[in-house]
Amino acid sequence: MNRMLLWGVTLLVCAFGTAARCADDKQDLSTHYLTLQGSPAVAWLLPAPPSLGSPDAAYDEFMFFEGQKMQGTKRWDLAREQATETPQEVHQLFSKVLGITISKQNTPDIYKLLMASCNDAIKYGTSITKRRYYKRRPFAYFDKHTCRPEEEASRRNGGSYPSGHTAVGTTVGLLLSEIAPEKRNELMSLAYEFGQSRVICGYHWQSDVDNARLMAIYFYSVLHGNKDFISDLAKAKKEYNSKKTTP
Amino acid sequence: MKKYLLIAFGFMLAAGSLNVAFGQKLHFLTEADAPDVNVVIPPPPENGSEAAKRDEFYYYEGQKMRDTARWRVAIYDAVKGNNHHNLLTSFEHPFGLMINPEDTPQLFKLIRGALNDVETYGTSVLKKQYKRYRPFVYLKQSGKTCEPQKELAYSVTYSYPSAHSARGMLTALILAEINPQRSNLILERGYEYGRSRVICGFHWQSDVENSRLLAGVIYSALHGNNAFLKQLKKAKDEFKSLYESKK
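Residues numbered from 1 in each chain as written. Chains lettered and ligands numbered in written order. Predicted model: local features only at pLDDT ≥ 70, side-chain atom pairs only at ≥ 80, totals over all residues.

K.L.:
Could you give an account of the overall build of chain A, with specific residues and numbers?
P.N.:
Scanning chain A for helices and strands turns up 12 helices and zero strands. Element order for chain A, N to C, with α for helix and β for strand: α-α-α-α-α-α-α-α-α-α-α-α. A total of 247 residues make up chain A; the buried ones form 45% of that total. If you take every contact in chain A between residues at least 6 apart in sequence, the share linking residues at least 24 apart comes to 81%. (Helix = DSSP H or I, 4+ residues; strand = E, 2+ residues; numbered from the N terminus. Buried ≥ 20, exposed ≤ 12 C-beta atoms within 10 Å, placed from the backbone. Contact = placed C-beta atoms within 7 Å.)

K.L.:
So what's going on with the overall build of chain B? Residues and values would help.
P.N.:
A count of helical and extended segments in chain B gives 13 helices and zero strands. Seen in sequence order, chain B has helices and strands lined up from the N terminus as α-α-α-α-α-α-α-α-α-α-α-α-α. For chain B, whose C-alpha radius of gyration is 19 Å, the value lies close to the compact-globule estimate of 18 Å for 247 residues. Seen through its C-alpha atoms, chain B measures out along the principal axes to roughly 65 × 45 × 35 Å. Across the 247 residues in chain B, those meeting the buried criterion constitute 46%. Considering only intrachain contacts with a sequence separation of at least 6, the fraction spanning at least 24 residues in chain B is 79%. (Rg over C-alpha atoms; globule rule 2.2 N^0.38 Å.)

K.L.:
I'd like to hear about the interface of chain A and chain B, residue by residue, with values.
P.N.:
The partner chain B presents 29 residues to the 28 residues of chain A that form the contact. Where the side of chain A that touches chain B is concerned, the elements lending two or more residues are helix 4 (58-69), helix 9 (164-179), helix 10 (184-201) and helix 11 (206-223) of chain A. No other element matches the eight residues that helix 11 of chain A contributes to the side of chain A that touches chain B. Across the side of chain A that touches chain B, the residue classes tally to 16 nonpolar, seven polar and five charged. (Nonpolar A, V, L, I, M, F, W, Y, C, P; charged D, E, K, R; others polar.)

K.L.:
Now, about the domain arrangement of chain A: what can you tell me, with residues and values included?
P.N.:
By the assigned domains, chain A splits into domain 1 (1-30) and domain 2 (32-243). Between the C-alpha centres of domain 1 of chain A and domain 2 of chain A there is a distance of 23 Å. (Domains from an automatic or database assignment.)

K.L.:
Let's hear about the nonpolar core: which residues, and what values?
P.N.:
General note: in soluble globular proteins, nonpolar side chains tend to be found buried as a group. Counting residues in hydrophobic clusters, the biggest one holds 106 residues, and the most contacted among them are L170(B) and I218(B). No other element matches the 11 residues that helix 11 of chain A contributes to this core. A78(B), F136(B), I199(B) and C200(B) belong to the second-largest nonpolar core, a separate cluster that totals 12 residues. (Core = buried A, V, L, I, M, F, W, Y, C linked by C-beta atoms within 7 Å.)

K.L.:
Outline helix 11 of chain A, listing residues and values.
P.N.:
Over its 18 residues, helix 11 of chain A extends 26 Å from the first C-alpha to the last, a length consistent with the 26 Å expected when each residue adds 1.5 Å. Burial analysis of helix 11 of chain A places 18 of its 18 residues in the buried class, which makes it a mostly covered element. (Expected span 1.5 Å × (residues − 1).)

K.L.:
Describe the confidence of the model for chain B, listing the residues and the values that go with them.
P.N.:
Residue and element names in this part refer to chain B. Taken over all residues, the pLDDT of chain B has a mean of 92, while the share at 70 or more is 90%. When the criterion is pLDDT under 50, residues 14-23 qualifies, and its contacts beyond four places in sequence or with other chains add up to eight contacts. Here the predicted complex carries an ipTM of 0.90, next to a pTM of 0.91. (pLDDT = per-residue confidence, 0-100.)

Pasting the structure below:
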């Protein structure tokens, strides 16, 4: 669907007083299990990213140009599709693999678990780490275009390390794998490719993506030490088992 | 008849506790619920590739640390010892307890089984699949590792991925869940334990990085396993009683 049209419709809907839905979305983006104090201090735990132009940045640079070479291919199109801009789009991608539609309406418990966990990983994880390093993204560094050019303007100035998309994709993959273990292989493969798409797209260096995966794993572990997370996880498992079609 | 049954029962009990003490066969996962690591873990870099060049860069960075304090930590981390002695001892400050079969039997059993799982269903499978040579072998750097006396034995085992690193990271993920308040130090120790392998010259950087990913995947799989969850509860209760009393 055309992005301009989508934005137009959303604005219209908000303007005509279904403010409840907008407030809902805003509220969903601020649910949490952890606090700053209870989160792993990943801005300091993760290794520093390779400095631009240094010897250990050579592979990052190589991978960017490998991605650029893929323009016009199916993998480029997939990278564009996976360059999601909303949680709902991420859920849509993973729904195809999971076999049930993940949404607030259809799977409220799974939705709640995914949202709060991802909110933790982003607010207390990637956002803080991005502010520490403020690293330039590859497309901006090389002055090239990405697989989704309309998003470039807002991302030109920094925040490359680590990748928020990859943190979200890995978190969702791990959580859904725990809920639906029989789908683990496909879910984790999707999560992996979802991260690689950021590199192919040109929005992230390979090291941004690798360390976002590690960061997500750290958060995933600490979340398991949280009572509310554990209780919501049990509800999500129950919800999946009641909705799945194959025995 | 009764006498023989009693003796047999006694023998089984002894064998059971021996099993815990030596832990050779203690597992939580089975073939049925283990992930297919060939699908979810990427292959190692090909010889001569840009990624392999990156690996070489990190090998020589490790060599630069020869005879530093960090080199000596790497030597300590390289030694397995009985019951993963060096690994578990290194978590004493980060976790806040010394984990061993005598003082913390439940925690020890939990870790022991999980580490057997990550090897049997993880590192062993991948090592056999890829048969990658270790850096000191491939680069013809014999005598340059942190444990030259072990090089002969290591030269016939495979590099990708690193079993030490997978064990170190998985231990950290489990302990961080049990004591989330100290997750920073716990996760850092797990990370550094893996880095020691690169410094030592026994593993490539990519061996260690993907071991951490493997640890995350196995950690996720364990949380879908009832035997693990049962033991986790026992370990958490043990932790509560020991840790609270020593605080």
